[in-house]
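Chain by chain, the residues run as shown.
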Amino acid sequence: MNLKNIVIILDHPDESRNIGAVCRAMANNDIKELRIVGNRDDYDIEHIHVLAIHAGYIFDKAQFFDSITEATKDCSISAGTTRRRGKKRGKLYLPEEFARKASEITSGNSKVAVIFGNERTGLTDEQLSQCTVGVTIPSSNDFGSLNLSHAVQIISYHLFREKLATQNKAIKSYESLSLERIDTSVKNITNNLKEIGFFKMPGREEMENFWRSLLSRASMSESEVQYLEKIFSKINGLNKKNKAENNAEKSDI
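Residues numbered from 1 in each chain as written. Predicted model: local features only at pLDDT ≥ 70, side-chain atom pairs only at ≥ 80, totals over all residues. Heavy atoms only, no water.

1. So, the overall build of the chain
Helix and strand counts for the chain come out as ten helices and seven strands. On the principal axes, the C-alpha backbone points of the chain span a range of 85 × 40 × 35 Å. When burial is assessed residue by residue, the chain has 45% of its 253 residues classed as buried. Contacts in the chain between residues at least 24 apart in sequence constitute 83% of all its contacts with a sequence separation of at least 6. In the structure as shown, the chain presents an accessible area of about 13,900 Å², 49% of it carried by carbon and sulfur atoms. Between the averaged position of the 36 positive side-chain charges in the chain and that of its 34 negative side-chain charges there is a distance of 5 Å. (Helix = DSSP H or I, 4+ residues; strand = E, 2+ residues; numbered from the N terminus. Buried < 20%, exposed > 50% of the residue type's maximum accessible area, 1.4 Å probe, protein only. Contact = heavy atoms within 4.5 Å. Areas by Shrake-Rupley, 256 points an atom, 1.4 Å probe, with all protein chains shown as cover. Lys, Arg positive; Asp, Glu negative; His and termini not counted. Charge placed at Lys NZ, Arg CZ, Asp CG, Glu CD.)

2. Observations concerning the pairing of strand β1 (residues 6–11)
Taken across its six residues, β1 has six buried, putting it largely inside the fold. Burial along β1 is two-sided: Ile-6, Ile-8 and Leu-10 facing one way and Val-7, Ile-9 and Asp-11 facing the other are all buried. Pairing between β1 and strand β2 (residues 33–37): five bridges, direction parallel. Bridged to Leu-10 within β2 is Ile-36. The handedness of the β1 to β2 crossover, carried by helix α1 (residues 16–28), is right-handed. (Pairing = 2+ DSSP bridges. Right-handed = clockwise from strand over helix to strand, strands pointing away.)

3. Here we look at the nonpolar core
Counting 39 residues, the largest nonpolar core has Ile-8, Leu-10, Leu-34 and Leu-159 as the members making the most contacts within it. When residues of this core are assigned to their parent elements, the largest contribution, six residues, is made by helix α7 (residues 148–166). Sequence-distant contacts of Leu-159, defined by excluding residues within four places in its chain, comprise Met-1, Leu-3, Ile-6, Ile-31, Phe-98, Ala-99 and Ala-102. Membership of the second largest hydrophobic core comes to 14 residues, among which are Leu-179, Met-220, Val-225 and Phe-232. (Core = buried A, V, L, I, M, F, W, Y, C linked by side-chain atoms within 4.5 Å.)

4. Points about the sheet that holds strand β3 (residues 63–65)
Judged by pairing direction, the sheet is parallel, and its seven strands sit side by side in the order β3-β2-β1-β6-β4-β7-β5 without closing on themselves. Here the strands that pair on one side only, and so sit at the sheet edges, are β3 and β5 (92–93).

5. Some points on a nonpolar patch on the surface
A cluster of nonpolar side chains, namely Tyr-227, Ile-231 and Ile-235, defines an oily patch on the protein surface of about 300 Å² accessible area. With respect to the element layout, Ile-231 can be found in helix α10 (residues 222–252). (Patch = residues over 30% accessible without salt bridge, like charges linked within 9 Å, V, L, I, M, F, W, Y side chains within 5 Å. Salt bridge = Lys/Arg side-chain N within 4 Å of Asp/Glu carboxyl O.)

The structure is reproduced here in structure tokens:
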């Protein structure tokens, strides 16, 4: 586990004080990179530093973005946190399961993003659709809502514990693909599938979401995804060749 490659992302947090508490939770667990979807000018830096104690530097170095997609472009996997399950929310990792997955990826010098939603609403289905996996923290059915900084603390702690558990182990590692590279591969695959006639245009977005999620969770290397792309290109080429041969046979008749 390389905690330097863990990125904590807050999507439009409401309270400046909560951001400060998040910084402290991150520092407790040796996680230093904070990104925020929103505007820096919307927050009270003094309030942030009061709650951050000696971790205010994390906010001072934080980067700001317009969307989750932009904030996670250089990451190999983006995990949206949610306590609600639903048809559109897919498979949800438990914190300890996610920590093991993150350990494999970050040890190969690739970044892993964990996204936390607004204090009032959490992450919406639309925001979660910009993430590649989901993480859930089990909590009481009677009072399941967690404070933002508490949620960050729980996830960060599991990541930190995973580092302690693996720091003396030799882990086979390689650099996983960034989401930007995965999106390029997804376009390549779906373009070939479209030419083959595998799906109609209205189904393309669902197909692209499927492949984006699958490739991200697979933590593939560059050579592996290139091999996968060649498979689909070859299938498309063989399909065109067979069509041409069939048309030639028909014309001879």
